[in-house]
Structures are given as structure tokens and as C-alpha cells.
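Survey of secondary and tertiary structure
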Amino acid sequence: MKDGIERIETTSSRIHRMNDTNGYVVSSISEETLSRVSFQHIQESLNYVAGAGVQRGNGQEYLPALRSPVLTGAGGCGGILAAEDGIPLRAAGFCNINELFEAHGEMAQRIEVLKGPVSALYGANAIHGVINVVTPDTTYDDGLAAIDVGSYGFSRLKFRKGKDLGNSGIGINASVTRDTGYRDNEGVDQEKVNLRHRFAWAKSSITTGFTYTHLNQDTAGYIEGFESYKNKALAQSNLNPEAFRKASSMRLWSKYKTQSDGNYALSITPYLRKQSMDFRMHFLPGKPLEENAQQGVGVLSQLNYVLSPTFSIDVGIDAEYTEGELLQYQTGETEGSAFLVETVPVGEHYNYDVNATLVAPFTALTWHQDDWKLSLGARYEQMHYDYTNNMIAGRTRDDGTTCGFGGCRYSRPESAENTFHNFSPKFNASYQYSDQVQFYGGVSRGYRAPQATELYRLQREQQVADLDSVTATNYEVGVKGKTQQGRYVLSLYRMLKENVIYRNSDFFNVNDGETLHQGVELTVNHGLSDKLSLDFAGTYARHTYEHSQLLGEVDIQGNVIDTAPKVQTNTRLRYVFSDAVTSELEWQYVSRYFTDAENLNEYEGHHLLHARIHYALSSKVSLFARINNLLDVNYAERADFTSFSGPRYFPGRPRNVMLSVSLVL
């Protein structure tokens, strides 16, 4: 603390900054909230962020949404940047739709969410925002041991311990999860560990971190049939008992920070990153296997220099080099029609390597005087892919023979190189109207280069994917403030995305799509009395197709994008019985939404109630009890529609209970 002002390091910066003066909002889920929820899946905590609508799949899988419809497809994950301790979980061109299971959210100090492409600090994949899991600094003399035990074979062991050695320190943060699940032949075994070392001298420090995660999952797929999730027997069934996912990840980073008495602050973070994943693609004809891996090095940097009492400048450069590989193959004959059997053959479908190089300098000039703060920034990014096809090019079998019905389903382009250049200007402003009220606004441009899978994993007659970067222009205004009883944030945004990549009716990857995203968000934390408080996070949004595209006989231009609920709210009522006992009731609401682009099919939405109670036995020992889905509602975590299967769902868990014991070490 200095002059009564708390300076913390947040997702909006890599150096220490005041957390309430930016021209945009960073939503934060605190360690206290994470401990109270003790989520089985990170989606449960992200429900607390207005504008986030993440849908849980099975096991640790999910589909992301942040000021967006639920994002799907090969490049869907490229719309939201997922990170741990500020380092992206995946390289920019190699995202994975489920990548947040590689962050240690279960033992996080906090989870921060930055909405929209508002910061020059982030470029590729941060179109709709950033989800950053911040792990605790375990290099001091504190610790934790805890156990969670719940319904359907769920258990988790948690351990955290550090040792302060004065100018240095070491620590560990670990969890082990077992979950047999309530559906047939499903289950999750997962282990995660963070190691941390700190060394400080004068006004400088070096903090080194290591994260390792491992996942072994037996996956349950969709259930099919209109409102089949309302039938408990069907909801518990698993049409894909052969499905699995095995994944491991490793990240090693070392952050150097130094600062003067007031002129500058510098942060440089080199890192190593390695991942591998094998899984059964049970959702495709023939149910092929995919084996993918990536390894690479990178660096993040930021220099903040104070030019005068009113002006400061931030400059930096981010760079990374990644080697990625992907193999998709099928060991058994495809089942189904003669067309599917012939066009989806046994053998290798894709086998390629991609080396990617990213270089991104950025700068931002900030003027701050009296009650005004203005920031003008920009980021330039170059992404270069060097793709090597390890198979016969074209749409043949792996031995070069042709498939009937015009050719095989999967098409492999010739080896090639592709380069993408993007420029992203940002302008943010804030006005401190009073000690309690601040107005803010801004305009920004976001982008993402095509993902490697969109460029090189083609189908049917397509031999080359002539794609450009997806771009988005975002406008936002809002007000945030404090009252005697709490605080609030109100935001309005409008974002137009252009060059949106999708697969057309010829199964070509093209990017002439255009979508519009508009919404209003409200977050309120309010004390109703000395013992009763209310937390609310809600959004009303409309996401529409703006380009003309025929699906069957329907032109989807102007239609609401599928899987985009207009209203989503989360309301928590907390009552403090005594210093030792606190209770909470949570109401989660998701409105009805269309499940197809033609807007001909829909899911009715749902209401869920969850209850929690916390009992502090002493200053060191706490007990927690939680009942999720208190009213035992039959609902779908995700609803979908395809022309092949009709309506299909990931059913939500019935009423379930979790008990926890936590010991401060």
C-alpha cells in the first residue's frame, strides 16, 4: 500500500497498476468465491461474469462464449484468449476449444476476465476477450490442505504450501481430481501442479513458475431425441462409450520485473510450452482418432515509462515460435450409408506439421489529468505458418487410391507457407465524475489469423483455403461506481465481426461471413443489511448473422446466431448467521435459444438453484456443504441440432451434493 491506494497486477497489465483507472472493465472472481464454490468444472465459476455463457460438455470439456454466441468449429476457440498467469495456454494458431482444462482454476488466486478487444497488450484470439487464471504466489509461509467429496464418485484433494526465505521463496500448489460421473462409462482423472520460486533484490525480482497438468477422461457424447434430457434414463445413457480424451500440458516461465522510483517499470517473461492430446472424434463418421502436439518458446514484455506528470507510454514486443503436428486416422470401417462407408476410409486422413512464428510489437500512450484518463494504443502482429504435408496431397486414401462418389471426404493441401499481417488500434477513455462514479468508453479493433486447422484440414474438393484474418470493430460505453452498500458496473457494447470463417454448403472453408454482437451487461454487489447481501451478474444480448447464406431454402441473413441466449443471469443471496456460519442461495437463469442457424429449432432454457453453507470451526478449519441443482431440474448444459441427428443434448447433472474440509497450514 502507498498513499492508501492499492496497486495490483491484473490482466490489463503485466506490471503493477492501479486496478480501477482503465477505460474498460476487468471482471475478477476472487479466491474467496472460488473456495466457496469449489467448482467441479470451471464453467460454474464463469457463470459469475456478466456476458460469459460457457456451456459445459462432458467431463472437463466445454464450449466458450464471452459477449458472443457459444463458439464452435475448428476456429471457434480462436475468439477468446485463454491464459494462465498472463501466458496464453496455446500458441495463437493452435488453440483448442477445451483449453481451459489446462489451467489450474481449481486452485487459483483469482480468475480475471477482460471483455472485448480493448487492450493493446493482447492481439490474436482476443476478439471477444481474455480469460486469465491467476495462480497464487506460494513463496511465503502459508499453506492449505483440503478435500472435496461429492455425488457420483467425485473427489478432489488440494494442497498448497510455501516457504519464505527472505529475499527468496519456494512453493507448491497441487490438486488431484477423480470423478466417475453420473452417466454410463464416463469419468475423469486429472492432476495439476504449480511450482513457484521467487528471488528479489533492490527494486527488481525474478519469479519463476512451472505448471503441469494431466487429464485422462472417458467421455460421454450427446444424447439424441427431442427433449431427451427430460428422460432420466436417456440422460444417464452414453451413446459413445468408446470416446476418450488424454491430454498433458507443461509451461515453464520466468518473469523479470524492475522499476525505478517513478520513471519506469519493466517486465520481461520468457516461457516454454508443450502440449499433447489424443482423443476419439466420436462426433464424426468413422469415429477417427486424433493425435496432436505442440511445443514452443516465447517472450512477453512491457515497459511503462512516465514522460511527465500527465503522460506515460507503454511499449513492448511479444514473440513466439511453435512447432505443431497433427495426425488423424481411422482403424475400423465406417458405419452408415454406402456414401459414408466409401468416402470416409480406413487409414490416415491427415498427417502434417506446422511451424509458426509470431511477432507482435505494441504501444500505448496514456494521458491522465484531474478526472480524465485517455489511452491511445496500437498493436501490429505478423503470423507466419510453414506447413508440411506428410501424406499424398488431395482427397485420396492414404495409399493414393481414389474413393467413390467423387472422392474421399478429407482433403490435404500441398505443403505451403502462409503469412498474415494485422494492425489493431485501440482508444479508451474514462472520466471520474465523483469519488463514487466513473464513466468509461472506447473503440477498438480485434483480429485473429486463421487457425492451422482451418487452413490445412480441408474437405471435399477444396485444395487451398484462401483465408484472411477475422476482424472485429468494437464500441463500448459504461459506468462503474461505488455506493455505501456496494458497487456496480453497467456496460453497453456493439461489435461487428467481418471475414468470419465458416464451412459453406460445399464444405469449403471460406471467410466472407459477417456477424453483429450487441448487448448490455450489469454487475451489482449490494449489501441489503448487516447480514444479507446480493450479488448479480446479468446480460441481455443479441447476436445476428449479417451476411447472406442459404441453408436449404432459408437465407440466414438477419437471423439470430444459434446457441445465443438473449438473457443470462446469475443471482446470489448471501446471509451471515454469525462470524462462523454463512449461507448462500444462487439462482442461475438461461433464456431459450435457437439451436440451428435457420432458427427453426430451439431449446426452452432453464432455471437452476444452488445452495451452500460455510461453517468456520476455528481460524484454521472450515467446513463447506453444497447442493447443486437443488430442485433436481431436468435441463441441458448444451442443446444442439444437426440435420443428421436432429435435436441432441449434453444433459445437466441431477441434484448433487459436495462436502469439503479445509485446513489452513
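The structure under discussion appears in the preceding block.
Residues numbered from 1 in each chain as written. Predicted model: local features only at pLDDT ≥ 70, side-chain atom pairs only at ≥ 80, totals over all residues. Heavy atoms only, no water.

1. Observations regarding the overall build of the chain
Secondary structure assignment for the chain yields five helices and 40 strands. On C-alpha atoms alone, the chain measures out to a radius of gyration of 25 Å, which is about the 26 Å that the 2.2 N^0.38 rule sets for 665 residues. Judged by the C-alpha coordinates and their principal axes, the chain covers about 75 × 55 × 50 Å. The buried share of the chain, taken over its 665 residues, is 56%. In the chain, once contacts between residues fewer than 6 apart in sequence are set aside, the share between residues at least 24 apart is 65%. Total accessible area on the chain stands at roughly 27,200 Å², and carbon and sulfur atoms take up 56% of it. The positive charge centre, built from 62 side chains, and the negative charge centre, built from 77, are 6 Å apart in the chain. (Helix = DSSP H or I, 4+ residues; strand = E, 2+ residues; numbered from the N terminus. Rg over C-alpha atoms; globule rule 2.2 N^0.38 Å. Buried < 20%, exposed > 50% of the residue type's maximum accessible area, 1.4 Å probe, protein only. Contact = heavy atoms within 4.5 Å. Areas by Shrake-Rupley, 256 points an atom, 1.4 Å probe, with all protein chains shown as cover. Lys, Arg positive; Asp, Glu negative; His and termini not counted. Charge placed at Lys NZ, Arg CZ, Asp CG, Glu CD.)

2. What about the pattern of salt bridges?
The final tally for this structure, using the stated rule, is 37 salt bridges. Residues participating in the shared-partner salt-bridge network are Glu32, Arg36, Asp535, Arg572, Arg574, Glu584, Glu586 and Arg612. (Salt bridge = Lys/Arg side-chain N within 4 Å of Asp/Glu carboxyl O.)

3. What to know about the state of the cysteines
Under the criterion given, the structure shown has two disulfides. Residue pairing for Cys77: its cysteine sulfur links by disulfide to Cys95, the two sulfurs lying 1.9 Å apart. Because the sign of the S-S torsion sets the handedness, a value of about 65 degrees for the bond joining Cys77 and Cys95 places this disulfide among the right-handed ones. Linking Cys77 in the loop between strand 5 (62–63) and strand 6 (81–84) with Cys95 in the loop between strand 7 (87–88) and strand 8 (110–115), this pair joins segments that are 18 residues apart in sequence. Residue classification places Cys77 among the buried residues on the basis of a relative accessible area of 5%. The partner cysteine of Cys403 in its disulfide is Cys408, sulfur to sulfur 1.9 Å. (Disulfide = S-S within 2.5 Å.)

4. Describing the sheet that holds strand 7
If you walk across this open sheet you meet the five strands as 3-8-9-6-7, and the pairing is mixed. Of all the strands in the sheet, just strand 3 (26–30) and strand 7 have a single pairing partner and so form its edges. In this sheet, strand 9 (residues 129–134) lies alongside strand 6 in parallel orientation, the contact comprising four bridges. The residue bridging Leu81 from the neighbouring strand is Val130, located in strand 9. (Pairing = 2+ DSSP bridges.)

5. Structural notes on the side chain of His517
Counting through the fold element by element, His517 comes out in strand 28 (residues 509–527). You can call His517 buried: its relative accessible area is 1%. Looking at His517, its side chain comes within polar contact range of the side chain of Thr515, at 2.8 Å. Filtering out sequence-adjacent residues up to four positions away, His517 remains in contact with Arg67, Ser68, Pro69, His128, Tyr493, Arg494, Met495, Lys497, Arg542, His543 and Ile561. (Polar contact = N/O pair within 3.5 Å; in protein donor to acceptor, adjacent residues only side chain to side chain.)

6. Some thoughts on the pairing of strand 6
Here strand 6 shows two buried faces, one formed by Leu81 and Ala83 and the other by Ala82 and Glu84. Two elements, strand 6 and strand 7, share two bridges in a ladder whose sense is antiparallel. When the bridges of strand 7 are listed, Glu84 appears paired with Ile87. Turn length for the strand 6-strand 7 hairpin, with the two strands adjacent in sequence and antiparallel, is two residues, and the turn residue Asp85 shows positive phi of about 55 degrees.

7. Focus: the side chain of Glu44
Relative to the elements of secondary structure, Glu44 occurs in helix 2 (residues 43–46). Polar contacts involving the side chain of Glu44 include one to the main-chain amide nitrogen of Gln40, which spans 3.0 Å. The residues contacting Glu44, other than those within four sequence positions of it, are Val37, Phe39, Arg56 and Asn628.

8. Some words on the sheet that holds strand 38 (residues 636–642)
Read across the open sheet, the three strands follow the order 15-39-38; overall the sheet is antiparallel. Among the strands making up the open sheet, the edge pair consists of strand 15 (223–224) and strand 38.

9. Concerning a negative patch on the surface
Judged by side-chain charge, Asp278, Glu291, Glu323, Glu325 and Asp353 come together as a negatively charged surface patch. Within the secondary structure, Glu325 sits in strand 19 (residues 311–330). With a relative accessible area of 47%, Glu325 lands in the partly exposed category. (Patch = residues over 30% accessible without salt bridge, like charges linked within 9 Å, V, L, I, M, F, W, Y side chains within 5 Å.)

10. What about the packing of aromatic side chains?
Tallied over the entire structure, the rule returns 18 aromatic pairs. Ring geometry for Tyr350 and Tyr410: centres 5.4 Å apart, planes at 65 degrees, overall edge-to-face. One end of the pair, Tyr350, is in strand 20 (residues 347–369); the other, Tyr410, is in strand 22 (residues 410–411), and 60 residues separate them in sequence. Grouping residues by exposure puts Tyr350 and Tyr410 together as buried. Ring geometry for Trp372 against Tyr431: centres 4.7 Å apart, planes inclined by 40 degrees, an arrangement best described as tilted. Of the two residues, Trp372 is situated in strand 21 (residues 372–389) and Tyr431 in strand 23 (residues 416–432); the sequence distance between them amounts to 59 residues. Among the residues examined, Trp372 registers a relative accessible area of 41% and is labelled partly exposed. Tyr431 sits in the partly exposed class, given a relative accessible area of 27%. By way of ring pairs, the aromatic residues Tyr352, Tyr385, Tyr387, Phe420 and Tyr456 are connected into one cluster. Over the ring of Tyr440 we find Lys480; its NZ or CZ atom is 5.5 Å from the centre of that ring. (Phe/Tyr/Trp six-rings, centres within 6.5 Å; stacked < 30°, edge-to-face > 60°. Lys NZ or Arg CZ within 6 Å of the ring centre and 35° of its normal.)

11. Looking at the nonpolar core
A general trend in soluble globular proteins is that nonpolar side chains are found buried together. Counting residues in each nonpolar core, the largest one holds 30 residues, and the members touching the most others are Tyr352, Val354, Met383, Tyr385 and Tyr456. When contributions to this core are tallied by element, the ones reaching two or more residues are strand 20, strand 21, helix 5 (452–456), strand 26 (470–482) and strand 27 (486–503). Top contributing element to this core by residue count: strand 20, with six residues. What Tyr456 contacts, discounting residues up to four positions off in sequence, is Tyr350, Tyr352, Val354, Tyr385, Tyr387, Ser411, Pro413 and Asn418. (Core = buried A, V, L, I, M, F, W, Y, C linked by side-chain atoms within 4.5 Å.)

12. Brief notes about a nonpolar patch on the surface
Among the surface-exposed residues, Val477, Leu490, Leu492, Val520, Leu522 and Tyr540 lie close enough to one another that they form a single nonpolar patch of about 460 Å² accessible area. Counting residues per element, the ones that place at least two in the nonpolar patch are strand 27 and strand 28. Within the secondary structure layout, Tyr540 lies in strand 29 (residues 532–545).

By themselves, these figures tell us nothing about what the structure is for.
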